[in-house]
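Spelled out, the chains give:
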Amino acid sequence: MNCPKCNGYRLKPKKLENGLLAFACDNCQGSLLPMLQYLQWAEQHSTTIIDACIEFKLDETSQALLCPKCSGLMTKYRISAQSENRLDICNRCYETWLDSGEWQLLKHLQVLDKLPKIFTEAWQKNIQTEIAEENQQNRDKEHFENDFEQIKTFKTWLDKYHKKQDVLIYLNK
Ligand SMILES: [Zn+2]
Ligand SMILES: [Zn+2]
């Protein structure tokens, strides 16, 4: 199999973790992870892996990739709202492409055991909601400036208060 990113580079077997074999490219440090291998490994190991907090070089491929195994078009799925990185998966053979550093990123974000979930509509929707909420909060921050924290504290309290409607009426008086 050849690297989906680098012309003329063959993927070589590489140990991602103890008991987890992937195929990696020497040139871009990306790796191809067979889903079945991953699932078998994750069942026993993923929750015991602790983030070692080592520094890692992150890469992200913007162009569409073709599956090294079946040449089918791979689909991109964002990992989390905190990072722009996306994983590529082949919808036919479930091979997953990880750019350089993305395995370490999964560890860092503590989603190493969540691979199949990341490839769901629900996961992707949650990320979009989180991003939208963050953008809204940034706009509010800009608008209220130094008073924002106080207003936010008040809102948090008000949202849970059993006489919320009465308070709103009172404020509008
Ligand atoms: Zn490569
Ligand atoms: Zn494929």
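Because the structure is a prediction, the values reported are computed rather than measured.

(A) Geometry of the coordination of the zinc ion (ligand 1). The coordination sphere of the zinc ion (ligand 1) contains the protein donors Cys-3 (SG), Cys-6 (SG), Cys-25 (SG) and Cys-28 (SG), at a distance range of 2.3 to 2.4 Å. Around the zinc ion (ligand 1) sit 4 donor atoms; with metal-centred angles ranging over 106 to 116 degrees, the donor geometry is tetrahedral. What makes Cys-6 buried here is its relative accessible area of 11%. Since its relative accessible area comes to 9%, Cys-28 is described here as buried.

(B) Looking closely at the coordination of the zinc ion (ligand 2). Taken together, Cys-67 (SG), Cys-70 (SG), Cys-90 (SG) and Cys-93 (SG) make up the protein donors of the zinc ion (ligand 2), found 2.2 to 2.3 Å from the metal. Its 4 donor atoms give the zinc ion (ligand 2) angles of 101 to 124 degrees at the centre, a pattern that matches the tetrahedral case. Written as a sequence motif, the donor arrangement for the zinc ion (ligand 2) is C-x2-C-x19-C-x2-C. Of the two residues, Cys-70 sits in the loop between helix H1 (35-45) and strand S4 (74-80) while Cys-93 sits in the loop between strand S5 (83-90) and strand S6 (95-98), which places them 23 residues apart along the sequence.

(C) Structural detail: the environment of Tyr-77. Examined against the element boundaries, Tyr-77 turns out to sit in strand S4. Taking relative accessible area as the criterion, Tyr-77 reaches 17% and is therefore assigned buried. The residues touching Tyr-77, leaving out its near neighbours within four places in the chain, are Asn-85, Arg-86, Leu-87, Ile-89, Asn-91, Ile-118, Phe-119 and Gln-124.

Analysis parameters
- Residues numbered from 1 in each chain as written.
- Chains lettered and ligands numbered in written order.
- Predicted model: local features only at pLDDT ≥ 70, side-chain atom pairs only at ≥ 80, totals over all residues.
- Heavy atoms only, no water.
- Donors = N, O, S within 2.8 Å, 3.2 Å for Na, K, Ca; no water.
- Tetrahedral: all angles 85-135°; square planar, octahedral: opposite > 155°, others 65-115°.
- Buried < 20%, exposed > 50% of the residue type's maximum accessible area, 1.4 Å probe, protein only.
- Helix = DSSP H or I, 4+ residues; strand = E, 2+ residues; numbered from the N terminus.
- Contact = heavy atoms within 4.5 Å.

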